[in-house]
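Coordinates in review
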Amino acid sequence: MEINSERELLPAIVVLGDSAKDTARKVMQILPGSELHALKGRVTWGDIEFNDLSKHLETLFFEKKPIIALFATGIVIRCLAPFISKKQNESPVIVLSEEGTHVIPLLGGHYGANRLAKLIATKIGGI
């Protein structure tokens, strides 16, 4: 992925459990330089550990760092809903099923989420 603007920072791949390990590694190969953010105590591998998912997603969102979440869409929505106001302010947020079969650009389509989701889906064989 080519970085075209400061809004298109390398993404944070966020995982909550070891079941997302294979898909996370595939995404990291597609997006060299991306960071793996892992829930402390539940994931034993990762670049950055966090304790509080809601606070961590909030921080990433306000830093305008693209988020690639490898867990349930509902969790992402509940964590970020209080901060969604205008599409001009949204960070790219993508949700992947843990096995990588489904890639959903949830927020920030105008800021790279659609393009990033399409790239990931094409490379890992998802839809």
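Since we're looking at a predicted model, the values are computed, not measured.

Between its first and last C-alpha atoms helix α4 (residues 113-124) spans 16 Å; for 12 residues at 1.5 Å apiece the expected length is 16 Å, and the two agree. Along α4, the residues classified as buried are Ala-113, Leu-116, Ala-117, Ile-120, Ala-121 and Ile-124. What you see down the axis of α4 is that its buried residues fit within an arc of 130 degrees, all on one side. Relative to its buried face, α4 has exposed residues pointing more than 90 degrees away, namely Lys-118, Thr-122 and Lys-123. Of the surrounding elements, those touching the buried residues of α4 are α1 (21-30), β4 (67-69), β5 (93-96) and β6 (103-107).

Time to look at the side chain of Ser-91. With respect to the helices and strands, the residue Ser-91 is situated in the loop between α3 (73-80) and β5. For Ser-91, a relative accessible area of 0% corresponds to the buried category. A distance of 2.6 Å separates a polar atom in the side chain of Ser-91 from the backbone oxygen of Phe-61.

Turning our attention to the nonpolar core. Val-15, Ile-68, Leu-70, Ile-94, Leu-96, Val-103 and Ile-120 are the most contacted members of the largest nonpolar core, which has 22 residues in total. Counting residues per element, the ones that place at least two in this core are β1 (12-15), α1, β2 (35-39), β5 and α4. Tallying contributions element by element places α4 first for this core, with six residues. Excluding its chain neighbours within four sequence positions, the residues that come into contact with Leu-70 are Ile-13, Val-14, Val-15, Ala-20, Thr-23, Ala-24, Leu-96 and Glu-98. Counting residues in hydrophobic clusters, the runner-up holds 18 residues, among them Ala-12, Leu-16, Leu-57 and Val-76.

Next up on the list: the packing of helix α2 (residues 53-62) against α3. Where α2 meets α3, the axes come as close as 9 Å, and the angle between the chain directions of the two elements is 70 degrees. By the angle between their axes, α2 is roughly perpendicular relative to α3. Where α2 approaches α3, its residues Leu-53, Ser-54, Leu-57, Glu-58 and Phe-61 are matched on the opposing element by Ile-75, Cys-79 and Leu-80. Class assignment of the residues belonging to the contact of α2 with α3 gives a composition of six nonpolar, one polar and one charged.

On to the sheet that holds β2, then. Spatially, β3-β2-β1-β4-β5-β6 is the arrangement adopted by the six strands of the open sheet, whose pairing is mixed. Because the sheet does not close on itself, it has two edges, and the strands there are β3 (48-50) and β6. When strand polarity is set aside, the average angle formed by the axes of neighbouring strands in this sheet is 25 degrees. Bridge count between β1 and β4: three bridges; the pairing is parallel. Note that in β4 the partner of Val-14 across the bridge is Ala-69. The sheet strands contacting α1 are β1, β2, β4 and β5, and the helix crosses β1 at an angle near 180 degrees. Against the sheet, α3 makes contact with β4, β5 and β6, and its axis sits at roughly 10 degrees relative to β6, the strand it touches most.

Rules used throughout
Residues numbered from 1 in each chain as written. Predicted model: local features only at pLDDT ≥ 70, side-chain atom pairs only at ≥ 80, totals over all residues. Heavy atoms only, no water. Helix = DSSP H or I, 4+ residues; strand = E, 2+ residues; numbered from the N terminus. Expected span 1.5 Å × (residues − 1). Buried < 20%, exposed > 50% of the residue type's maximum accessible area, 1.4 Å probe, protein only. Arc of directions from axis to C-beta. Contact = heavy atoms within 4.5 Å. Polar contact = N/O pair within 3.5 Å; in protein donor to acceptor, adjacent residues only side chain to side chain. Core = buried A, V, L, I, M, F, W, Y, C linked by side-chain atoms within 4.5 Å. Axes fitted to C-alpha atoms, helices over the stretch in contact; angles between N-to-C directions. Parallel < 35°, antiparallel > 145°, perpendicular 65-115°, else oblique. Nonpolar A, V, L, I, M, F, W, Y, C, P; charged D, E, K, R; others polar. Pairing = 2+ DSSP bridges.

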